[in-house]
Amino acid sequence: MHIPSVPRYACALTLAVAAIGLTLPLAAQADNTPQRLSATIDGKLFESDDSGIMYLVPRKGVLNLMASTKGGGAYPPPSRPEDKLNINCSDYDGKPVKFTFAKSGSRSCEISFNKGVSKKPFGDPEAEYRMVDGKNQLEITSVKGKVIEGTFSFELVEIKTKAKMTITGGTFKAEDRQL
């Protein structure tokens, strides 16, 4: 009796298709909560959309929330300059919490805002802002699995010109999409 042999590439292809089939449901589960972030920055609306938000808990006790101008995560990226807000907090235990820090340089949170991010790798933004002493707060109001919601307001200063900027009325909903 002759049993036909199956070419090796057919076996490899079958395994690859099976592996993709197994990972797709995991990726779909991690990508199911629409993300949003908005705030008023110096009187102008700043919005980010699902593809422009990245929320990570890279290690226990640390929260990173990054948001770029709405449409900034699309391909091709928009031709207009993109702005980015970065929030990095320590002492986060995965539960609702309110961070208030009147003094900049707080060990709790570091906040930065880059206006007009350079399209060149490692290029300088049009303006770079950092948190200063003032009415600074970040509140995580809800934690459900990998999804957090909250509010924020910050006072910042441009590092070169020392021009002040306020961020008020900030709200967000974000999902940690690490697998």
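Nothing here was measured: the structure is a model prediction, and the numbers come from that model. (Residues numbered from 1 in each chain as written. Predicted model: local features only at pLDDT ≥ 70, side-chain atom pairs only at ≥ 80, totals over all residues. Heavy atoms only, no water.)

**A few points about the overall build of the protein**
Item 1. The helix and strand inventory of the protein stands at one helix and eleven strands.
Item 2. Shown N-terminal to C-terminal, the secondary structure of the protein runs as helices and strands in the order α-β-β-β-β-β-β-β-β-β-β-β.
Item 3. Taken across its 179 residues, the protein has 35% of its residues classed as buried.
Item 4. Accessible surface for the protein amounts to roughly 11300 Å². Of this, 58% is attributable to carbon and sulfur atoms. (Helix = DSSP H or I, 4+ residues; strand = E, 2+ residues; numbered from the N terminus. Buried < 20%, exposed > 50% of the residue type's maximum accessible area, 1.4 Å probe, protein only. Areas by Shrake-Rupley, 256 points an atom, 1.4 Å probe, with all protein chains shown as cover.)

**Section: the environment of Leu138**
Item 1. Tracing the backbone shows Leu138 in strand β9 (residues 137-144).
Item 2. Filtering out sequence-adjacent residues up to four positions away, Leu138 remains in contact with Ile87, Cys89, Val97, Lys98, Phe99, Cys109, Thr151, Phe152, Phe154 and Phe172. (Contact = heavy atoms within 4.5 Å.)

**Concerning the pairing of strand β4 (residues 62-68)**
Item 1. Counting buried positions over the seven residues of β4 gives six, a clear majority of the element.
Item 2. Sheet analysis places strand β3 (residues 53-56) next to β4, joined by four bridges and oriented antiparallel. Paired with Tyr55 across the two strands is Leu65, which belongs to β4.
Item 3. Between the end of β3 and the start of β4, which pair antiparallel, lie five residues, with Gly61 showing a positive phi angle near 90°. (Pairing = 2+ DSSP bridges.)

**Digging into the state of the cysteines**
Note on terminology: a disulfide is the covalent bond linking the sulfur atoms of two cysteines.
Item 1. A full pass over the atoms with the stated rule returns one disulfide.
Item 2. A disulfide bridge connects Cys89 with Cys109, and the sulfur atoms are separated by 2.0 Å. Classification of the bridge connecting Cys89 and Cys109 rests on its S-S torsion, roughly 110°, and on that basis the disulfide is right-handed. Of this pair, Cys89 sits in strand β5 (residues 82-90) while Cys109 sits in strand β7 (residues 109-117), and the two are 20 residues apart along the sequence. (Disulfide = S-S within 2.5 Å.)

**Points about the pattern of salt bridges**
Item 1. Counted according to the given criterion, the structure contains five salt bridges.
Item 2. The shortest N-O distance in the salt bridge between Arg130 and Glu128 comes to 2.5 Å.
Item 3. By relative accessible area, which is 22% here, Glu128 ends up partly exposed.
Item 4. In this structure, a network of salt bridges that share partners links the residues Asp50, Glu175 and Arg177. (Salt bridge = Lys/Arg side-chain N within 4 Å of Asp/Glu carboxyl O.)

**Remarks on unusual backbone geometry**
Item 1. For Asp42, which is not glycine, the phi torsion reads 50° and is therefore positive.
Item 2. Mapped onto the secondary structure, Asp42 falls in the loop between β1 (36-41) and β2 (44-48).
Item 3. Classification of Asp42 by relative accessible area gives partly exposed; the value is 43%.
Item 4. The backbone phi angle of Asp91 is positive, close to 60°, even though this residue is not glycine.
Item 5. Position of Asp91 relative to the elements: it lies in the loop between β5 and β6 (97-100).

Function cannot be read off these values alone, since they describe shape.
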